[in-house]
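One letter stands for each residue in the lines below.
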Amino acid sequence: MSFDLVIKGGTIASACATSKGDVAIKDGKIAAMGLGLEAPNTIDATGKLVLPGGIETHCHIAQESATGAMTADDYHTGSVSAAFGGNTTIVPFAAQHRGQTIPDALKIYDDRAAPNSVLDYSYHLIVTDPTDAAINEDLPAAFQRGITSFKVFMTYDKMIVSDEQFLDILVMARDNGGLTMVHAENNAMIKWMVRRLIERGYDAPKYHAVSHPAVSEVEAVQRGIALASFVEAPLLFVHISTDAGARAVAKARMAGHMIFGETCPQYMFLTAQDLDRPGAEGAKFCCSPPLRDRQTQTDMWRHLNAGSLQLYSSDHAPYRFDATGKLSAGENPPFNRIANGLPGIELRAPLLFSEGVQKGRITLEQFVALTATNAARLFGMGDRKGTIAVGYDADIAIWDPAMRRQVTAAALHDNMDYTPFEGWDITGWPVTVINQGRIIVDGGEMKATAGSGSFIPRKPFDATGFLPPRAPEMADTTNFGAKLF
Ligand code: URP
Ligand code: ZN
Ligand code: ZN
């Protein structure tokens, strides 16, 4: 067979093994792996790592927040920045706003993504208006189109779903092959804290962390687990920021429930002290759940290592440090009027590589699992993405493990005017990025044109291997014969 391209002599890693050899690509797919493979076009990967392209499944791109603020990145800048960070697939959110139908929301995001993305993409829906039509018709129709995951919120007045709505949503997703993702924080606790802090004049950015106490996440995670396990539905907790939240996820998994968890770089590399920078600088570090403490950082490494949390995502939510973003409520905004979210799509994988693999906290195989393989499997792409294997999409990031660079906002490729990781020394960067056989990034340059990425229809959630215990009231033997499932 003649190949289009051969990557020669690199160290090839998957989520379970590492070996040396060549990878041959033909028609956008991995066509062969072995030794001595040849093609007219070759890349010499001697001394480099040949890894599956990253799959970034938590990022906010060209998305209006509930308060109307637009993210700084569109699908071009967002995907370009992701590509320079070693990613080949992005799954941002398509947000339904209250009063809007799901098909209308999807049309808006199709129009934003298709002409602009340089990488393969899909979306998770955000559901804020769970009408009967949305739950029973529109979401199942979106799943049919291959958009098989969506996010709901247990907090924010404009987004929150009630526990009763949540149960309806979980059952519909379970029955139609969807994966529900949830932002778990207790709305009432946060509102109560915000009111008391503001009334007493504590309105600086640092009080954002105080207003979202750890227990508000833990309560919501435990409640979410109770709701999902009651109806035997899969549920993914995004941006877990507390040890107790991660432990609750781990415990539910050990009991056989289809519960999953994600954490993000900000909880592993930053702390609430960053919110206490001079003036309004702390606004740059406002995200929800908020940054925690040093102990949490250690806890998150442990949970990633132990497998209690399966996903590591950026939660890239880029709002500039100006009146279009963080400072939309003035030069010194009260903490409760600062757009929530941090940028980080380009640094997600390099930070994990430099702080994790290089410092011996995780193995290279774990790095691959956390940046690519686990996300591909959980989000219905495990049959074509997230690993380097014959027949899979040729989505590959070639990393130079010795390359050292200091992070500056100016050198990143997003549309932001700051990075929370300014000045960090990172060792190990992706140097060549290939998506479905197309060279996207090479030699520090973007090679792909806007709109060259493809929409990836995703498979239903795969419940293989889970045997969730049935709640007594749901079991035919103990509920006096009521047919509830
Ligand atoms: O503060 C954050 N994380 N903003 C992005 C939206 C979300 O809830 O993930
Ligand atoms: Zn969230
Ligand atoms: Zn988010």
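Our structure's up above, just so we're on the same page.
Okay, so let's go over this structure. These numbers come from a predicted model, not from an experiment.

**Remarks on the nonpolar core**
Next up, step 1: One finds Phe150, Phe237 and Phe367 to be the most contacted residues of the largest nonpolar core, which totals 127 residues.
Next up, step 2: Take this core: its biggest share by element is 8 residues, from helix α12 (residues 364-378).
Next up, step 3: Excluding anything up to four places from it in sequence, Phe237 contacts Val182, Ala184, Ala220, Val221, Gly224, Ile225, Val249, Ile259, Phe260, Gly261 and Glu262.
Next up, step 4: Ranked by size, the runner-up nonpolar core spans 16 residues in total, among them Ile12, Ile30, Ala45 and Val431.

**With respect to the site of ligand 1**
Next up, step 1: Neighbouring ligand 1 are the residues His58, His60, Lys151, Phe153, His183, His239, Cys287, Ser288, Asp315, Ala317, Asn340 and Gly341.
Next up, step 2: Between an oxygen atom of ligand 1 and a side-chain N or O atom of Lys151, the distance comes to 3.1 Å.
Next up, step 3: Gly341 is positioned with one of its backbone polar atoms (N or O) 3.3 Å from an oxygen atom of ligand 1.
Next up, step 4: Coverage of ligand 1 by the protein amounts to 92% of the 260 Å² it exposes when considered alone.
Next up, step 5: A breakdown of the residues in the shell around ligand 1 according to their chemical character gives 3 nonpolar, 7 polar and 2 charged.

**Remarks on the coordination of the zinc ion (ligand 3)**
Next up, step 1: On the protein side, the zinc ion (ligand 3) has His58 (NE2), His60 (NE2) and Asp315 (OD) as donor atoms, found 2.0 to 2.1 Å from it.
Next up, step 2: Here the zinc ion (ligand 3) is ringed by 4 donor atoms whose angles at the metal span 87 to 122°, and the overall shape comes out tetrahedral.
Next up, step 3: Mapping the donors of the zinc ion (ligand 3) onto the primary sequence yields the spacing H-x1-H-x254-D.
Next up, step 4: Here the zinc ion (ligand 3) and the zinc ion (ligand 2) are spaced 4.1 Å apart.
Next up, step 5: Given a relative accessible area of 0%, His58 falls into the buried group.
Next up, step 6: The exposure class of His60 is buried, given its relative accessible area of 9%.

Thresholds applied
- Residues numbered from 1 in each chain as written.
- Chains lettered and ligands numbered in written order.
- Predicted model: local features only at pLDDT ≥ 70, side-chain atom pairs only at ≥ 80, totals over all residues.
- Heavy atoms only, no water.
- Core = buried A, V, L, I, M, F, W, Y, C linked by side-chain atoms within 4.5 Å.
- Buried < 20%, exposed > 50% of the residue type's maximum accessible area, 1.4 Å probe, protein only.
- Helix = DSSP H or I, 4+ residues; strand = E, 2+ residues; numbered from the N terminus.
- Contact = heavy atoms within 4.5 Å.
- Near = heavy atom within 4 Å.
- Polar contact = N/O pair within 3.5 Å; in protein donor to acceptor, adjacent residues only side chain to side chain.
- Areas by Shrake-Rupley, 256 points an atom, 1.4 Å probe, with all protein chains shown as cover.
- Nonpolar A, V, L, I, M, F, W, Y, C, P; charged D, E, K, R; others polar.
- Donors = N, O, S within 2.8 Å, 3.2 Å for Na, K, Ca; no water.
- Tetrahedral: all angles 85-135°; square planar, octahedral: opposite > 155°, others 65-115°.

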